[in-house]
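Listed below are the residues making up each chain.
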Amino acid sequence: MTETDYNKYFNDPSYRNKRMKKKRNNNKRKFLLISGAVAFILLGIFIAIIYSGLPSLEELENPKPQLASKVFSADGELLGQYFIENRIETQLNKLPDHLVKALIATEDRKFYNHWGVDVTRFLKAMVKNLFSLSLKEGASTLTQQLARNLYELKVTRESQLDKGVRKIREWITAIQIEKNFTKNEIIELYLNVSYLGRSAYGIEAASRVYFGKSSSELTLPEAALFVALLKSPRDFDPVNNYDNALKRRNLVMYNMVSTGFLDKDEYDKLKQEPIVLGSEKPNVMRTIAPHFMEYVRLQLSELADKYGYDMYRDGLNIYTSIDIRMQKIANEVAAKHILEYQKLFDKNWNWSKNKDLLATLIDEAIKKSREYRSVESQEKKAAIYNRLKKDEAFIDSVKFAATRIEVGFVVIDPFTGEIKAMVGGTNQIFGRGLNHVSGIKRQPGSSFKPIIYATAIENGYYPAYTILNQKFDYNGWSPSNSDNEYSAYETMRYALAHSLNVITGRMTISEIAPPKQVVKLAHRMGIKSKIDPYPAIALGTSEVSPLELTSAFGTFVNKGIHVEPISILKVEDKDGILVDQFVPEYVQAITPQTASILESMMMDVVAYGTGAGVRRYYQYPAAGKTGTTQNYSDAWFVGYTPELVAGCWVGFDDHRVKFTGWYGQGARASLPIWAMFMEGAYKELKIPVGYFNFSDGIEEAAFCKKTIELGDARLANNYCPEVVYDIINPKHLPMSCEIHTDKNVIIKEERTGETGW
């Protein structure tokens, strides 16, 4: 400011006011410019925030709701699903017309006339919200609701600001959806992604959860209930809030009357109908084969990286080998038998005789408990330990868990390897855990013996071959027969039928069935578990899984060809395009002649041997072998018919808990499940009864009975007074009888190849 200006400023008031006004205007302009710039920046940030939460163009054009992968049985029934969101996709043309009308009448009456946003409805809602000072009044169209559900625009614990931002995003996204899809496509998407309570996403999954049927079969009142649930699955839940659900359902149907979709007289009748659900407590669809579902899931998980799919989101169609009819029978007979056997065990088990075991179990249970592991200080751990040790309820839970009888039962088609039924445990409300068919390994006991005998037959021996039924000591190993009864020489056929341990033991300490050969043969027959090549293999001391042993037995009925078990037949993507098809592996494990000979020998096990209990339930052709391990720890029966092979294990998860006596034998604890299943399957499924047929190359031969009794079975000649008939592979014919001649002279017996037993 110059000196003249300075003097004017102090001496001329008008000049001073003019200068001050000019300065204020300058400041005001600066403020407006800065405010405008800030507002512009904030608006830009707000718009950026809005658009950052919008779906991409790719997502808009190709929406990908998470779809449950469906698992189907061999006969096309839905067996179960794998999902994060329980959703099954369906098509609009498969849905009943009254479902769509109920939806339109209640949620968006102008749906076919707006472009994604109903402005009139929105303005009315905003007026109500202004008066109530909230954003509670909604005005979302179906398209806006679809935008919210499909692209997860809503966040948890939404503030009023969050809600306002979300509404704008819904508007923009709804308009984009209307540009990309027809009205019918929008309705179809909406019904496929909406949450309807009880872990059900989409109308198809909800229909199966609530009513146990397809959405195409929904009645009008049932469809109206689902439209009611759209408002609040919790408040209108038909189980927990029945009256609310009924009122809301009827309101939906009344809306149909108001819009001309339903006749008033028809409404008056329908509103009287109660809500009848498929079960008292609808939940996520349960499967009839939970252990099989988990078995398949584990296999699919291993293949996921190879094929690049997500079985929980991609909506795969998985076609499996399971037969639902057989599975139902397997579930029923296993549950019935185990229930009876649990009572028998509880009556015979005495904790007072097992005090040390109980103390150990309690100690282990306390240290594994969440309460004990959740604290760090030793002082607190000790306090929890001492309290639980005296807690009667806790002790009872330990006792209960330890003494629960478990079961593993599997049925396989021996010609295709397809698993037809699987009961992996007594728990039929099973998610993930121990599968007692594929996930355990136990000593098979005598049920392993057919593999020993198959080795002997492969080595040129035959059912009428005789072995001394007396105890022996082989480097400190001296097995005993289960009944502690012994005799002179017995044929291999008789020894297998009656499960004579000492005879099987003599086979593995000699050239008849050397352990190393047995191991090789077992692996060819499908047993993948490690088997120790020691003589004790004769008694089934190496652990195997029920699935392995059952699959191995299928080799006998399939003429010596082992077929690897298979559960998944093919996998398709959500559009039905084949991902892969699966076929089993085939291996000629033993000769057809050996398979037929073992088949004949195991038929005698069922006819008059340890497996004779089968005949109490099942009268048609069958072959098999029982198994009981030391101190009744594990009970087995594995057997087959001309059409099916099945194996059953019964025992306890804890090896220290055992059956206490005779009722723990395989013939009693396991065999009835096998036999009752076969009886039910053949009767209910009307399976044509087949018969065992010997392979070419098997002949019947006459043996001199006297030579059998003397321990050197020979073919009978015309002079032998008594003969025994049995089958034989003519490639391995024994010598003829030299005892009986035309001069009736007894020639001294000579046993070549004597092993010095």
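Residues numbered from 1 in each chain as written. Predicted model: local features only at pLDDT ≥ 70, side-chain atom pairs only at ≥ 80, totals over all residues. Heavy atoms only, no water.

Chemist: Please explain the overall build of the protein as it appears in this structure.
Modeler: Scanning the protein from terminus to terminus reveals 27 helices and 18 strands. A burial count over the protein gives 50% of its 757 residues as buried. The contacts in the protein between residues at least 6 apart in sequence include a share of 69% that link residues at least 24 apart. For the protein, the exposed surface amounts to about 37600 Å²; the carbon and sulfur share of it is 52%. (Helix = DSSP H or I, 4+ residues; strand = E, 2+ residues; numbered from the N terminus. Buried < 20%, exposed > 50% of the residue type's maximum accessible area, 1.4 Å probe, protein only. Contact = heavy atoms within 4.5 Å. Areas by Shrake-Rupley, 256 points an atom, 1.4 Å probe, with all protein chains shown as cover.)

Chemist: So what exactly am I meant to see when it comes to helix 9 (residues 203-211) here?
Modeler: Turn by turn, an α-helix covers 3.6 residues, leaving residues three or four places apart pointing in a common direction. Burial within helix 9 is extensive, with eight of its nine residues counted as buried. Within the sequence span of helix 9, burial applies to Ile203, Glu204, Ala205, Ala206, Ser207, Val209, Tyr210 and Phe211. Tucked into the core, helix 9 has its buried residues touching strand 3 (86-87), helix 4 (97-107), helix 8 (183-193), strand 4 (200-201) and helix 10 (220-231).

Chemist: Sorry, what's going on with the confidence of the model for the protein here?
Modeler: Low-pLDDT portions of the prediction should not be read for the details of their coordinates. Per-chain confidence: the protein averages 87 in pLDDT, with 85% of residues scoring 70 or above. Per-element averaging of pLDDT across the protein places helix 3 (residues 57-61) at the bottom with 50 and helix 19 (residues 449-458) at the top with 98. Below pLDDT 50 for its whole length, residues 46-55 participates in 18 contacts with residues either more than four positions away or in separate chains. Throughout residues 746-757 the model reports pLDDT below 50, and contacts reaching past four residues in sequence, or to other chains, amount to 20 contacts. (pLDDT = per-residue confidence, 0-100.)

Chemist: Would you explain the nonpolar core in this entry?
Modeler: Soluble globular proteins: nonpolar side chains tend toward being buried together. Phe448, Tyr453, Met492 and Met507 are the most contacted members of the largest nonpolar core, which totals 85 residues. Take this core: its biggest share by element is seven residues, from helix 13 (residues 290-307). Counting 56 residues, the second-largest nonpolar core is a separate cluster that includes Leu388, Val423, Val650 and Met676. (Core = buried A, V, L, I, M, F, W, Y, C linked by side-chain atoms within 4.5 Å.)

Chemist: Teacher, can you tell me more about the sheet that holds strand 11 (residues 568-572) here?
Modeler: Two modes of strand pairing occur in sheets, parallel and antiparallel, and in both the strands are linked by backbone hydrogen bonds. A sheet is described by the order of its strands in space; here five strands give the open sequence 2-1-5-11-12, paired in mixed fashion. With partners counted over all chains shown, the strands left at the sheet margins are strand 2 (78-82) and strand 12 (578-581), one partner each. On average, each strand axis in the sheet is tilted by 20 degrees relative to the strand beside it, whichever way the strands run. Pairing of strand 1 (residues 69-72) with strand 5 (residues 317-320) involves three bridges; the strand directions are parallel. Residue pairing in the sheet places Lys70 in a bridge with Asn317 of strand 5. Packing of helix 13 onto the sheet brings it into contact with strand 1, strand 2, strand 5, strand 11 and strand 12, and relative to strand 2 it is tilted by some 50 degrees. (Pairing = 2+ DSSP bridges. Axes fitted to C-alpha atoms, helices over the stretch in contact; angles between N-to-C directions.)

Chemist: Whenever I open this one, the pairing of strand 16 (residues 645-651) confuses me. Can you help?
Modeler: Each regular strand shows side chains that alternate between the opposite faces of the sheet. Along strand 16, seven of the seven residues are buried, which leaves the element largely enclosed by surrounding structure. Residue alternation in strand 16 divides its side chains into two sets, Val645, Gly647, Trp649 and Gly651 and Ala646, Cys648 and Val650, and both sets are buried. Between strand 15 (residues 634-640) and strand 16, which pair antiparallel and follow one another directly, the connecting turn spans four residues.

Chemist: Is there a simple way to explain the sheet that holds strand 15 in this structure?
Modeler: Across the sheet, five strands lie side by side as 7-6-16-15-14; this open sheet has antiparallel pairing. Each end of this open sheet is capped by a strand with a single partner; those strands are strand 7 (419-423) and strand 14 (623-628). Geometrically, the sheet is characterised by an average inter-axis angle of 5 degrees between neighbouring strands, direction not taken into account. The pairing of strand 15 with strand 16 spans seven bridges and is antiparallel. Its bridge partner being in strand 16, Ala635 is matched across the sheet by Val650. Each of strand 6 (406-412), strand 7, strand 14, strand 15 and strand 16 touches helix 23 (residues 546-557); the most contacted strand, strand 15, lies at about 30 degrees to it.

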